[in-house]
Amino acid sequence: MNEELQEDSEKLRKTGRVAATSVIWGVSAGMLAISIPLVIVTKTGAIIPLATIIGAAVATFAVWNPENNNSEVKQLEERIAFLETIVTTEDSDKS
């Protein structure tokens with residue numbers, strides 16, 4: 001049962017990551033569409049579109065970074081294990 005919960009949790013995390021990534025790149029596409037006419041009018045070169053693409057890439061990396069999510073999951077697993085230990089010792093003391 002624990003393995004099933006872990007698989008479901010992983011699927012949910014991936015679904016959330018995919019949704020976040022699609023929002024990031026959707027907004028970035030809109031910003032690129034706006035920045036191209038601005039580049040032509042202001043003659044600033046490719047600074048604005050390049051910043052948009054770099055920002056989207058950094059945000060995507062932050063969403064998919066495995067170190068970010070593993071620490072939170074490990075903390076929750078440790079808390080659950082600690083609570084299970086407390087419950088089992090209290091149950092054995094009552095017996």
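None of these values were measured; they are calculated from a predicted model.

Moving on, we get to the confidence of the model for the protein. Note that predicted coordinates carrying low pLDDT should not be read in detail. The share of residues in the protein with pLDDT of 70 or more is 75%, and the mean pLDDT across the chain is 81. For the protein, the element scoring lowest by mean pLDDT is helix α3 (residues 66–94), at 75; helix α2 (residues 47–64) scores highest, at 92.

Take the side chain of Thr60 next. For Thr60, the position within the fold is in helix α2. At a separation of 2.8 Å, a polar atom in the side chain of Thr60 contacts the main-chain carbonyl oxygen of Ala56. Setting aside residues no more than four positions away along its own chain, Thr60 makes contact with Thr21, Ile24 and Trp25.

Together, Ile34, Leu38, Ile47 and Ile48 make up a nonpolar patch on the protein surface, roughly 370 Å² of accessible area in all. Contributions of two or more residues to the nonpolar patch are made by α1 (2–42) and α2. Secondary-structure assignment places Ile47 in helix α2. The exposure class of Ile47 is exposed, given its relative accessible area of 57%.

A few words on unusual backbone geometry. Note on backbone geometry: most residues besides glycine have negative phi, and most peptide bonds are trans. Of note, Lys43 is a non-glycine position whose phi angle comes to about 55 degrees, a positive value. Its place among the elements puts Lys43 in the loop between α1 and α2. The class for Lys43 is exposed, based on a relative accessible area of 72%.

A word on the environment of Leu32. Position of Leu32 relative to the elements: it lies in helix α1. Each C-alpha atom, one on Leu32 and one on Ala51, is 9.7 Å from the other, the two residues being 19 residues apart in sequence. When sequence neighbours within four positions are dropped, the list of residues in contact with Leu32 reads Pro49, Thr52 and Ile53.

The rules we used
- Residues numbered from 1 in each chain as written.
- Predicted model: local features only at pLDDT ≥ 70, side-chain atom pairs only at ≥ 80, totals over all residues.
- Heavy atoms only, no water.
- pLDDT = per-residue confidence, 0-100.
- Helix = DSSP H or I, 4+ residues; strand = E, 2+ residues; numbered from the N terminus.
- Polar contact = N/O pair within 3.5 Å; in protein donor to acceptor, adjacent residues only side chain to side chain.
- Contact = heavy atoms within 4.5 Å.
- Patch = residues over 30% accessible without salt bridge, like charges linked within 9 Å, V, L, I, M, F, W, Y side chains within 5 Å.
- Areas by Shrake-Rupley, 256 points an atom, 1.4 Å probe, with all protein chains shown as cover.
- Salt bridge = Lys/Arg side-chain N within 4 Å of Asp/Glu carboxyl O.
- Buried < 20%, exposed > 50% of the residue type's maximum accessible area, 1.4 Å probe, protein only.

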